[in-house]
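# Summary of the model geometry
One letter stands for each residue in the lines below.
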Amino acid sequence: MGELKTVRIPDIGDFSDVPVIEVFVQNGNQINAEDSLIALESDKATIDIPAPFTGMIREIKVKPGDKVSEGSPIAVIEIADTGGNADAESVSRKPDSEADSTEQNKRIKETASGNAPRVISHTAQNESDKGAIETEEKLIYPVSPPISPVVVDASIKAHAGPSVRRFARELGVNLDLITGSGPKHRVLKEDVQAFVKAGFSRMRTNGKNASVDMGLDLLPWPRVDFARYGPLEIKSLSRIKQIAGANLHRNWVMIPHVTQFDEADITDLEALRKESNAAEKQAAVKLTLLSFLMKALIASLKKFPEFNASLDKNANGETNLIIKRYYHIGFAVDTINGLVVPVIRDVDQKGVVAIARELSELSVLAREGKLKPEQMQGAGFTISSLGGIGGTAFTPIINAPEVAILGVSKADYKPVYRDGQFVPRLILPLSLSYDHRVIDGAAAARFTSHLAEVLTDMRLALL
Ligand code: COA
């Protein structure tokens, strides 16, 4: 058995009680000098602590979440008998069987291959912090910077632990092509697996003779150390944003979207809404434009059923269009934590007052974060209204597995040429995004024209 050495946290500058965010090695792992052992994350930098020598991990002394400072033990390594390895030799000749931090610091000064911490990224909060970072770098390399640069520019190198690198090497995967899902974009084993899986499924989809060129073949995501350019503030994304973001991304990439723009003259509808609101005062339900819009939408969905539909693959892999004979409508609600989409069921069976009441109740629940999962499921079509905020048009992203979404912008008075003169009319902008695999451009134009007609004359909704 080779000599056992305890590896300790070397000089990491002013940092103390720094949390361990990742442990890259396990008992029994064979490691080379310079392989990362653990990663630490201070509020300003992610620091990789590499192994000072080649050998086998005999004991791990830390776990993620532990706090460490200079001198804290990390692991016990059984030093490999490499014969010519001057580093390992010089350490093993030492009477004290521990490679203490003083010695490690000495080695940092003497050689580039010591376990000098590798600063992966900085996250300066303000100008004064920028000064602190410069100081940190000086402290980390107390004499002069090591011969090989150890400040890793994240824009050129994937951030991954040794076991993940080994795993990727075994599979022939270029880590730089993978966007890591770990902290600071660290590439995890699961990311490598997902990358390989996606490659296989692409080949299956494209047939036996599929060429790799048929994939998206995109450039890797740019990795930039933003702190090099100025002060930063780092905010984590809310859970809602993370979930919604993943859904939006998938929908945007997988659905061939086209957006049809149109306008509806809602002058009479607005007059009706105002009158109805005055009459409904006692009922304490405000009739919003959205509640009338939902009612009008049902008339258009009934006339054009493929807009209330979903694509679905059967057991034989054939694609079918599922046309829904129910009319559950989702509506996007803007909350401080992000976008949520509650669903009103059986809108076709409800009057405008009932719809308005439900819209208001579900919006309150959405903003309080109290929606139940079943209150956000089952929609056949979604409306996203930015009308209360502003804008003239936008391109909403379809909420899969639906095939269309209606965006509504702010209505405004516009001059409309009628009977030889311009008259002011309240015009509502409509933006209908649709899945071009299911809906043709002509159908989309017919759909928005019909919806505009119904909104102009709500009596058509009764037919
Ligand atoms: N044009 C002009 N004014 C409009 C309008 C429109 N299209 N839609 C609403 N308004 C007016 C309303 O009449 C109301 O004015 P009033 O108080 O004088 O009657 C005001 O804007 C506020 O309306 P609001 O209370 O927001 O009701 P709403 O029914 O329009 O909207 C929600 C309800 C839940 C849709 C809305 O609050 C919301 O969250 N919208 C954002 C959705 C979103 O983020 N979508 C983006 C997805 S990509």
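Our subject in this report is the structure included herewith.

Reading guide: rules and limits
Residues numbered from 1 in each chain as written. Predicted model: local features only at pLDDT ≥ 70, side-chain atom pairs only at ≥ 80, totals over all residues. Heavy atoms only, no water. Near = heavy atom within 4 Å. Polar contact = N/O pair within 3.5 Å; in protein donor to acceptor, adjacent residues only side chain to side chain. Areas by Shrake-Rupley, 256 points an atom, 1.4 Å probe, with all protein chains shown as cover. Nonpolar A, V, L, I, M, F, W, Y, C, P; charged D, E, K, R; others polar. Pairing = 2+ DSSP bridges. Helix = DSSP H or I, 4+ residues; strand = E, 2+ residues; numbered from the N terminus. Buried < 20%, exposed > 50% of the residue type's maximum accessible area, 1.4 Å probe, protein only. Core = buried A, V, L, I, M, F, W, Y, C linked by side-chain atoms within 4.5 Å. Contact = heavy atoms within 4.5 Å. Axes fitted to C-alpha atoms, helices over the stretch in contact; angles between N-to-C directions. Parallel < 35°, antiparallel > 145°, perpendicular 65-115°, else oblique. Left-handed = near helix turned anticlockwise from the far one by under 90°.

## Quick look at the site of the ligand
Lys 286, Asp 334, Arg 367, Ser 384 and Ala 411 are the nearest of the 21 residues found near the ligand. Separating an oxygen atom of the ligand from a side-chain N or O atom of Arg 367 is a distance of 2.9 Å. Here a nitrogen atom of the ligand sits 2.9 Å away from a polar atom, N or O, in the side chain of Ser 384. In the complex, the protein chains occlude 68% of the 940 Å² of accessible area that the ligand would expose alone. A per-class count over the shell around the ligand returns 9 nonpolar, 7 polar and 5 charged.

## Structural notes on the pairing of strand 2 (residues 18-23)
As paired elements, strand 2 and strand 7 (residues 67-68) share 2 bridges and run antiparallel to each other. Across the sheet, Val 18 pairs through a bridge with Val 68, a residue of strand 7. Pairing analysis gives 3 bridges linking strand 2 to strand 4 (residues 36-41), with the strands arranged antiparallel. Bridge assignment links Val 20 to a residue of strand 4, and that residue is Leu 40.

## With respect to the pairing of strand 18 (residues 404-408)
With respect to burial, strand 18 is a largely interior element, 5 of its 5 residues being buried. Where burial is concerned, the two faces of strand 18 agree: the one with Ala 404, Leu 406 and Val 408 and the one with Ile 405 and Gly 407 are both buried.

## Considerations on the nonpolar core
In terms of nonpolar packing, the biggest core is built from 53 residues, with Phe 307, Phe 381 and Leu 455 touching the most fellow members. Of all the secondary structure elements, the ones that give two or more residues to this core are helix 8 (289-303), strand 13 (329-331), helix 9 (352-367), strand 17 (381-385), strand 18, strand 20 (421-435) and helix 10 (441-456). Residues contacting Phe 307, with those up to four places away along its chain left out, are Leu 301, Gly 380, Phe 381, Val 403, Ala 404, Leu 432, Ile 439, Ala 443, Ala 444 and Phe 447. Ranked by size, the runner-up nonpolar core spans 22 residues in total, among them Ile 38, Ile 47, Ile 49 and Phe 53.

## Focus on the packing of helix 8 against helix 9
The N-to-C vectors of helix 8 and helix 9 enclose an angle of 125°; their axes lie 9 Å apart at closest approach. Compared by their axis directions, helix 8 and helix 9 come out oblique. You can see that helix 8 and helix 9 cross each other, and the crossing is right-handed. On helix 9, the residues touching Leu 290, Ser 291, Phe 292, Met 294 and Lys 295 of helix 8 are Val 352, Ile 355, Ala 356 and Leu 359. The residue inventory of the contact of helix 8 with helix 9, partitioned by class, reads 7 nonpolar, 1 polar and 1 charged.

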